[in-house]
Amino acid sequence: MVSLFTGKILITNNKDCDEVDTERELNQRLDNKVMLLYFGSGECTRCQEFSPVLKDFFVRLTDEFYVERASQLVLVYVSQDETEEKQEKFLKTMPKRWLFLPFQDEFKRELELRFAVSDTPVVVVLKPSGEVIAGNAVEEIRCLGTACFRNWQEAAELVDRSFLLAEDFDDLAKRSITDPIRRLKYKLDKKTRKKEREEVLCPDMEL
């Protein structure tokens, strides 16, 4: 699954729009999880009907208000919106744990071709290996709700990581020494890239 987005930038749908772009960050967010690729748009009538259903589906599986432990599920929104402003408006109504590709990223088109997306909404369900479980699970989600995740979970053969072995804790302790420095470096790099994008998208206007 991680290999699908290697070298790409995913953005978290939170206030800071945190980027997920390092190999380690991608592994943490995508590894050993069922992935949903949601091809949709805030303007599409059918998407307007389905998106609230998908939102409720995702929240009920990942929000601690509904479940003791978040399900091994990740969703990436592949925008079909006409403008970045429309994409942002739509995402403001969706869960903060969703990920999405930058609006200008041409990789969205590659994904459309790879998964034969010709209309919206489409939800492609993938195993951690990248193998397709369902080419379009829209009707399955509508009809079965969260019950369909159990079917995907079995098909994906996910590893239960609700516990860590002793050696895992040792490894975490070793990494924790350098992690703060690495995280600071990545945050600074991200801020620089974000500023550069803003300068390109919103250059100073002469009055």
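All values derive from a computational prediction rather than experimental measurement.

### Focus on the nonpolar core
(1) Moving on: Counting 30 residues, the largest nonpolar core has Leu-36, Tyr-38, Leu-54, Phe-57, Trp-98 and Trp-152 as its most contacted members.
(2) Moving on: Those elements giving two or more residues to this core turn out to be strand S3 (34–40), helix H2 (45–62), strand S4 (73–79), helix H3 (84–91), strand S6 (122–126), helix H5 (138–144) and helix H6 (147–156).
(3) Moving on: In terms of residues, this core owes the most to one element, H2, which gives six residues.
(4) Moving on: Once residues lying within four places of it in the same chain are set aside, the contact partners of Leu-36 are Leu-54, Phe-57, Leu-73, Val-74, Leu-75, Val-76, Val-123, Val-124, Val-125 and Trp-152.
(5) Moving on: Among the nonpolar cores identified, the runner-up in size contains 22 residues, and Leu-4, Leu-111, Val-117 and Leu-126 belong to it.

### Observations concerning helix H4 (residues 107–114)
(1) Moving on: Of all the positions in H4, only Phe-107, Lys-108, Leu-111 and Glu-112 are classed as buried. On an axial view of H4, the arc spanned by its buried residues comes to 150°, and they lie on one face. In H4, the exposed positions that point more than 90 degrees away from the buried face belong to Leu-113 and Arg-114.
(2) Moving on: The inward-facing, buried residues of H4 abut S3, S4 and H3.
(3) Moving on: Looking one or two residues beyond H4, the residue adopting positive phi is Ala-116, at roughly 50°.

### Structural notes on the environment of Ser-79
(1) Moving on: Here Ser-79 shows up in strand S4.
(2) Moving on: Judged by relative accessible area, which is 4%, Ser-79 ranks as buried.
(3) Moving on: Taking C-alpha positions, Ser-79 is 6.0 Å from Phe-39, a pair spaced 40 residues apart along the chain.
(4) Moving on: Sequence-distant contacts of Ser-79, defined by excluding residues within four places in its chain, comprise Gly-40, Gln-87, Phe-103 and Lys-108.
(5) Moving on: Here the side chain of Ser-79 touches Asp-81 through a polar contact of 2.7 Å, side chain to side chain.
(6) Moving on: For Ser-79, the side chain forms a polar contact with the side chain of Gln-87, separated by 3.1 Å.

Analysis parameters
- For every chain, the first residue of the written sequence is number 1, and numbering continues from 1 onward in sequence order.
- Totals for whole chains, interfaces and linings use all residues, but because this is a predicted model, local features are given only for residues with pLDDT of at least 70 and pairs of side-chain atoms are given and counted only at 80 or more.
- No hydrogens and no water enter the side-chain calculation; it runs on all heavy atoms of the structure.
- Residues belong to one nonpolar core when they are buried, are Ala, Val, Leu, Ile, Met, Phe, Trp, Tyr or Cys, and are joined through side-chain atoms within 4.5 Å.
- Accessibility here uses a 1.4 Å probe with only protein chains present; expressed as a share of the type maximum, an area under 20% marks a residue as buried, one over 50% as exposed, and anything in between as partly exposed.
- Secondary structure elements are taken from DSSP: a helix is a run of H or I of four residues or more, a strand is a run of E of two residues or more, and numbering for both begins at the N terminus.
- Contact between two residues is taken to exist if any of their heavy atoms lie within 4.5 Å; hydrogens are not considered.
- The arc refers to the directions leading from the helix axis to the C-beta atoms.
- Counting of polar contacts relies on pairs of N or O atoms within 3.5 Å, with two restrictions inside protein: one atom must be capable of donating a hydrogen and the other of accepting it, and residues adjacent in sequence are counted only when both atoms are side-chain atoms.

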